[in-house]
Amino acid sequence: MFIETLPVAIIGGGPVGLAAAAHLIARKVPVKLYEAGSTVGASMREWGHVRVFTPWRYCVDEMAAALLARHGWHRPPADVFPTGGEIVAHYLEPLAAVPALARAIETGARVTAVSRQGLDKVVSRGREERPFVVTVEAPGGRRRDLARAIIDASGTWRTPNPLGASGIAVEGETAFAGRIAYGIPDVAGRERDLFAGATTLVVGAGHSAANVLLDLARLAEAEPSTSILWATRGRDLSRVYSGGSADRLPARGELGAEMRRLVASGRVALATGFAITGLHEEAGRLVVTGETADGQRRLGPVDRIVVATGQRPDLSLTRELRLDLDPWLESARALGPLIDPNVHSCGSVPPHGHRELSHPEPGFYTVGIKSYGRAPTFLLLTGYEQVRSVAAALAGDVAAADDVHLVLPETGVCTTQVAGTTQTAAGCCGGPAPEDVEACCVADAEARQSGRAGCGCGAQGSAARSAVLDA
């Protein structure tokens with residue numbers, strides 16, 4: 001009974017972590033939320049200049065909105081596209097100020113480890129009877145708090161992937177760190193002086209890279225001496241080019257269309273199939289070497305490099321817990337086959353909740369973009385439904401926890417590898433399947449009719465769709 005009186009600990013004060021707190025508070029479950037930054041939404045603030053391709057109606061959790069409405073909050077216009085900074089200012093900050101949440105939130109509190117009281121991960125007997133121990137680094141020093149359950153919504157923003165195609169830092173990456181930015185730097189705003197008039201290499205094939213490239217192109221219009229190079233490890237750019245008019249999120253489709261025009265016009269020099277292996281300096285500038293299908297090649301010289309190759313989860317804080325992770329994506333294992341970018345990129349993910357997000361460690365859940373590990377397909381609506389289910393489970397309402405629903409906007413593009421080939425079509429693999437066929441889309445139906453297992457994007461028969469967000 002002692003454990004039941006302890007709070008549920010939430011790690012991370014971003015949109016999904018705050019939504020988890022709102023759902024638990026609504027169910028009268030004690031909660032404690034730890035945010036490493038000085039304010040809620042600290043990671044989102046770092047890309048606050050970026051306008052997202054999802055309108056407000058996809059950015060707000062309904063339970064959080066109901067809680068806010070009782071305190072006089074007015075929902076932003078549903079079809080307006082906010083920036084990351086606007087989401088923080090007009091949604092996260094007001095939500096964190098609601099008294100019930102404000103009492104539960106501690107900022108400047110970095111969780112560095114989670115374990116079981118008196119047990120390491122090797123000991124099996126009685127684990128579920130021991131509370132979790134949360135090691136917290138705060139201005140007052142290090143301390144250890146107890147919790148009945150853990151919801152890890154810490155995200156992946158703070159652990160970007162390195163420049164090297166092999167997954168580790170390349171030679172020279174550490175030495176020239178002062179000239180390398182990761183993620184989505186504000187090249188047209190607070191960091192303008194670093195990029196204006198410079199030659200910048202952007203590395204990556206997702207929407208983070210696209211945002212940086214478009215900002216650099218606009219900067220080049222004002223500063224004509226600004227030059228832009230773009231390098232991608234793969235050759236298929238369908239994910240960043242998006243589905244055009246078939247995309248249910250028009251802003252994302254427009255982003256892809258603008259990228260196509262940028263490359264076609266020659267304003268951006270593109271090198272595909274370029275796996276970076278090293279950096280070195282020549283005459284004060286950086287030269288990038290890499291492997292291509294035709295052998296080793298050089299890019300540059302350049303002045304700055306932006307690495308927009310996605311992020312990976314920080315697994316160090318859960319080292320002493322028993323987690324069940326996908327072996328290569330480091331996502332929750334149940335999600336791995338459904339979001340694997342080696343198989344498809346349309347992001348067809350079935351509704352999933354507390355059962356798929358749990359681990360062999362009783363009472364521990366990974367949610368939000370961290371639950372996707374290294375996969376780049378995630379939408380806030382997914383995280384909101386995840387924490388609704390998890391909160392219901394922790395409150396003992398198993399029926400509500402299992403009643404999971406998730407309908408997300410179609411991407412308008414699906415890349416599926418079948419027998420070594422790549423297929424790209426409008427809609428999710430050609431659009432919806434005929435009504436009398438049990439399949440997720442046209443390509444899936446055709447594959448089944450020819451005796452194959454399916455196209456891959458409709459794993460487990462789901463019709464749900466997920467948007468791509470690698471920021």
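Right above here is the structure, for reference.
What you are looking at is a predicted structure, and each value in this text was computed from that prediction instead of being measured. (Residues numbered from 1 in each chain as written. Predicted model: local features only at pLDDT ≥ 70, side-chain atom pairs only at ≥ 80, totals over all residues. Heavy atoms only, no water.)

Caption draft 1: Structural context of unusual backbone geometry. Cis geometry marks the peptide bond from Gly300 to Pro301, where omega comes out at 10 degrees. Relative to the helices and strands, Pro301 is located in strand β14 (residues 295-302). With a phi close to 60 degrees, Lys28 is a non-glycine residue in the positive phi region. Looking at where Lys28 falls in the secondary structure, it is placed in the loop between α1 (15-26) and β2 (31-35). At Ala283, a position not held by glycine, the phi torsion is positive, near 55 degrees. Topologically, Ala283 is positioned in the loop between β12 (275-282) and β13 (285-292). (Helix = DSSP H or I, 4+ residues; strand = E, 2+ residues; numbered from the N terminus.)

Caption draft 2: Just the pattern of salt bridges, in detail. Applying the stated rule across the entire model yields 26 salt bridges. Here Arg127 ties to Glu361 by a salt bridge, and the two come within 3.0 Å at their closest N and O atoms. Separated by 234 residues along the polypeptide, Arg127 in the loop between β4 (110-116) and β5 (132-138) and Glu361 in the loop between α11 (354-357) and β16 (364-366) bring together distant segments of the chain. Accessibility assignment for this pair places Arg127 and Glu361 in one class, buried. Taking the shortest distance from any N to any O, the salt bridge between Arg179 and Glu281 comes out at 2.8 Å. Of the two residues, Arg179 sits in the loop between β7 (149-152) and β8 (180-182) while Glu281 sits in strand β12, which places them 102 residues apart along the sequence. By relative accessible area, Arg179 is classed as partly exposed at 21%. (Salt bridge = Lys/Arg side-chain N within 4 Å of Asp/Glu carboxyl O. Buried < 20%, exposed > 50% of the residue type's maximum accessible area, 1.4 Å probe, protein only.)

Caption draft 3: Layout of the nonpolar core. Judged by nonpolar contacts, the single largest core of 85 residues is most densely connected at Leu24, Tyr91, Ile151 and Val367. Of the residues forming this core, the biggest block, nine residues, is contributed by helix α12 (residues 380-394). Two domains share this core, each providing at least three of its residues, namely domain 1 (3-158 + 311-402) and domain 2 (177-307). Leaving out residues up to four positions away in the same chain, Ile151 has contacts with Val8, Ala9, Ile10, Ile11, Ala20, Leu24, Tyr365, Val367, Val390 and Leu394. Within the second largest apolar cluster, 18 residues are counted, among which are Leu201, Ile276, Leu286 and Val307. (Core = buried A, V, L, I, M, F, W, Y, C linked by side-chain atoms within 4.5 Å. Domains from an automatic or database assignment. Contact = heavy atoms within 4.5 Å.)

Caption draft 4: Quick peek at the pairing of strand β1 (residues 8-11). The alternating pattern of β1 places Val8 and Ile10 on one face and Ala9 and Ile11 on the opposite face, and all of these are buried. Here β1 pairs with β2 via four bridges, running parallel. When the bridges of β2 are listed, Ile11 appears paired with Tyr34. With respect to chirality, the unit in which β1 leads through α1 into the neighbouring parallel β2 is right-handed. (Pairing = 2+ DSSP bridges. Right-handed = clockwise from strand over helix to strand, strands pointing away.)

Caption draft 5: Structural view of the packing of aromatic side chains. On inspection of all chains with the given rule, the structure shows two aromatic pairs. Relative to Tyr91, the ring of Trp73 lies with its centre 6.2 Å away and its plane at 45 degrees, an arrangement referred to as tilted. Remark: Tyr91 occurs in helix α4 (residues 84-97) and Trp73 occurs in the loop between α3 (62-69) and α4; sequence separation between them is 18 residues. Both residues of the pair, Trp73 and Tyr91, count as buried. Consider the rings of Tyr372 and Phe378, whose centres lie 5.2 Å apart with planes at 80 degrees: the pair is edge-to-face. Its end group placed over the ring of Phe132, Arg116 keeps NZ or CZ at 3.8 Å from the ring centre. (Phe/Tyr/Trp six-rings, centres within 6.5 Å; stacked < 30°, edge-to-face > 60°. Lys NZ or Arg CZ within 6 Å of the ring centre and 35° of its normal.)

Caption draft 6: Quick look at the packing of α1 against α12. Across the interface, α1 lies against α12 with an axial gap of 9 Å and an inter-helix angle of 30 degrees. Remark: the crossing between α1 and α12 carries right-handed chirality. Residues Pro15, Val16, Ala19, Ala20, His23 and Leu24 of α1 pack against Leu380, Gly383, Tyr384, Val387, Arg388, Ala391 and Leu394 of α12. The class makeup of the residues in the contact of α1 with α12 is ten nonpolar, two polar and one charged. (Axes fitted to C-alpha atoms, helices over the stretch in contact; angles between N-to-C directions. Left-handed = near helix turned anticlockwise from the far one by under 90°. Nonpolar A, V, L, I, M, F, W, Y, C, P; charged D, E, K, R; others polar.)

Caption draft 7: Inspection of the side chain of Asn161 at higher detail. Here Asn161 lies in the loop between β7 and β8. Residue class for Asn161 comes out buried when judged on its relative accessible area of 12%. One polar contact links the side chain of Asn161 to the main-chain carbonyl oxygen of Thr309, over a distance of 2.9 Å. Apart from residues lying up to four places away in sequence, Asn161 is in contact with Tyr182, Val307, Thr309, Gly310, Gln311 and Arg312. (Polar contact = N/O pair within 3.5 Å; in protein donor to acceptor, adjacent residues only side chain to side chain.)

So yeah, pure geometry; function would need other evidence.
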